[in-house]
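# Descriptive analysis of the structure
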Amino acid sequence: MIALGLHAFFVLALFGLCVVLPVWIMAGAFWGMAALAAGLACLSLFHFVYLLRLYAWLEGPPEQPVPQGRGLWNRIFASLHRRARQRAEQQRLLSDALERFRRAVQAFPDGLIIFNQHHQIEWVNARAASHFRLDPQGDRGQPLTNLIRQPDFVAYLERGEYAAPVVFPNPRCPGQTLLVQVVSYALGENLLLSRDVSDQERLDVMRRDFVANVSHELKTPLTVVAGFAEMLADPDLDPDPAQVRHYMGLIAEQTQRMQRLIEDLLTLSVLESTAVAQREEVVDLEALCHALVRDAEVLSAGRHHISLKLEGYIQLEGNPQELRSAFGNLISNAIRYTPAGGEIRIEWQGTAAAGVFAVTDTGIGIAAEHIPRLTERFYRVDRGRSRETGGTGLGLAIVKHVLSHHQAVLEVESQPGKGSRFAARFPASRLRHAQNGAPPWPGAGITRPVRS
Ligand code: ADP
């Protein structure tokens, strides 16, 4: 400011000394005054021109460059130029920060909607747009309840008590469950958070069903046991020893049924607690299959024709107990669902592509619509038959977990009335050469019919 004052003073003094004073001395006071007036008029015009430029710049678009000036105006314009640059830099920083914030909010895994006191949408992030099928631009200003008409949500919004969230099935996306919570962060400014909780909801339903199923499975044998125990404890009743033996036999049968169920539940819970098989080793399938055939013969009690065939690689890396439990379940199912006189074929084939353990029976078979659900816990095609044969409804669920521990898959082929084939397909990476008599792969492999 002082510099500008000094500059103006210096220009005027120079003009007075160089123009006005010599004219005054040489031509008299009139011409001196005229020279002063002409000089002042030129100076005014000069400033007027620059004032006009300044005015035009101030009124013009913000990106217009600051005009160039001379003398005093050069300094003024330079200072304005500096300020304009600082302001542009501040604006750039601000819009960068806003852009970063916008991107962060867009990337948020939950849906976010900003709405006002009239419940009109002001802003929507991409996740909320996908949850409620909203158009972030087109739906701006629309009342939320016009677009999300779910009754629980409408009631929640209208109640205005947002301490707890609300959970409801998404009307715009069947099968999806949403958890929604509103947060009021300023007067009339609200934030709606939405989260897809479908998986959690499904798990809760599964857990509830599981508890209901276990209770139901235990209730029936317990009722039988309690009934006979009460009867035998009745002092007024005097059953003969044959009757007592019969009752005790029924009690033992139901107790075994509960034991089997609890054993299967424990096996399943251990299997579910890990994603991969524990304590793996190289399992000799020849020995394992022979042991399984012996168990099968005991269970069949001579009612079925059982055969075993081993081909190719016969060593598999895995957990022996888990493998025995899975293969045993497939074999016991084949026996339980095959009428007397039927045939049960147990086969193992280890090739360079995969290892397949298959159990084929000539039993009752399964209708196609049941096959996708067989490995669900407690899923049975014929509940009565499963119970009659001592089934717990958990056998194939156990098989599924064991196979997933070994990166194997279960393949089921079946025809009602003709029979079924359950095959466990293991990746080739789990197969090993046998120590003695290893099949020289690649090649035809060695076929060893063990029993037929
Ligand atoms: P369960 O203890 O009832 O046998 P699983 O989980 O082992 O339970 O099997 C589920 C259902 O699959 C059985 O109830 C039965 O209906 C059907 N199933 C399994 N294996 C066979 C088979 N080999 N033949 C016919 N049906 C079968």
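Here we summarise the structure given alongside this text. (Residues numbered from 1 in each chain as written. Predicted model: local features only at pLDDT ≥ 70, side-chain atom pairs only at ≥ 80, totals over all residues. Heavy atoms only, no water.)

### Here we look at the side chain of Thr375
Put simply, the rule is: Only runs of H or I of at least four residues qualify as helices and only runs of E of at least two qualify as strands under DSSP, and these elements are numbered from the N terminus. Whether two residues touch is decided by their heavy atoms; if any such pair falls within 4.5 Å, the residues are in contact.
One can find Thr375 in the loop between strand E10 (354-361) and helix H11 (383-388). Excluding its chain neighbours within four sequence positions, the residues that come into contact with Thr375 are Leu396, Ala397, Lys400 and Leu410.

### Remarks on the sheet that holds strand E8 (residues 315-318)
Defined as follows: Each pair of strands is called paired provided DSSP finds at least two bridges between the two strands. Orientation is described by axes fitted as lines to C-alpha atoms, over the contacting stretch for helices, and by angles from 0 to 180 degrees between their N-to-C directions.
The strand order across the open sheet built from 3 strands is E6-E8-E13, with neighbouring strands paired in antiparallel fashion. In this open sheet, the two strands that pair with only one neighbour each are strand E6 (281-284) and strand E13 (431-432). Bridge analysis of E6 against E8 gives 4 bridges, and the strand direction is antiparallel. Bridging across to E8, Val282 finds its partner in Glu317. The strands touched by helix H9 (residues 285-300) are E6 and E8; relative to E6, the strand with the most contacts, the crossing angle is about 55°.

### Quick notes on the packing of helix H10 (residues 320-336) against helix H12 (residues 395-405)
Two measures define how a pair of helices packs: the angle their axes make with one another and the distance between the axes. Put simply, the test is: By definition, any crossing whose near helix is turned counterclockwise from its far helix by less than a right angle is left-handed, and any crossing with a clockwise turn is right-handed. Polarity classes work like this: nonpolar for Ala, Val, Leu, Ile, Met, Phe, Trp, Tyr, Cys and Pro, charged for Asp, Glu, Lys and Arg, and polar for all others, with Gly in that last group.
Where H10 meets H12, the closest approach of the two axes is 9 Å, and the angle between their N-to-C directions is 140°. Between H10 and H12 the crossing geometry is left-handed. On H12, the residues that touch Glu322, Leu323, Ser325, Ala326, Asn329, Leu330 and Asn333 of H10 are Gly395, Leu396, Ile398, Val399, Val402 and His405. When grouped by side-chain class, the residues that make up the contact of H10 with H12 number 7 nonpolar, 5 polar and 1 charged.

### Section: the packing of aromatic side chains
This is how it is decided: Note on ring pairs: Phe, Tyr and Trp rings are taken, using the six-membered ring of Trp, and paired if centres are within 6.5 Å. Classes follow the plane angle, with under 30 degrees stacked, over 60 edge-to-face and the rest tilted. Whether a residue is buried, partly exposed or exposed follows from its accessible area with a 1.4 Å probe, protein chains only, as a fraction of its type maximum: under 20%, in between, or over 50%, in that order. Either the NZ atom of lysine or the CZ atom of arginine qualifies as a charge over a ring when it sits within 6 Å of the ring centre and within 35 degrees of the ring normal.
If you walk through the whole model with that rule in mind, you get 12 aromatic pairs. Arranged with centres 5.0 Å apart and planes meeting at 70°, the rings of Phe46 and Tyr50 form a pair that is edge-to-face. Of this pair, Phe46 and Tyr50 both sit in helix H2 (residues 29-59), 4 residues apart, roughly one helical turn. A centroid spacing of 5.6 Å and a plane angle of 45° characterise the contact between Phe153 and Phe168, whose relative ring orientation is tilted. Within this pair, whereas Phe153 is found in helix H6 (residues 151-159), its partner Phe168 is found in strand E3 (residues 166-169), the two being separated by 15 residues in sequence. With respect to class, Phe153 is no different from Phe168; both count as buried. An aromatic cluster is present here, built from Phe46, Tyr50, Trp73 and Phe77 joined pairwise through their rings. Above the ring of Phe210, the side-chain terminus of Arg377 is found at 4.2 Å from the ring centroid.

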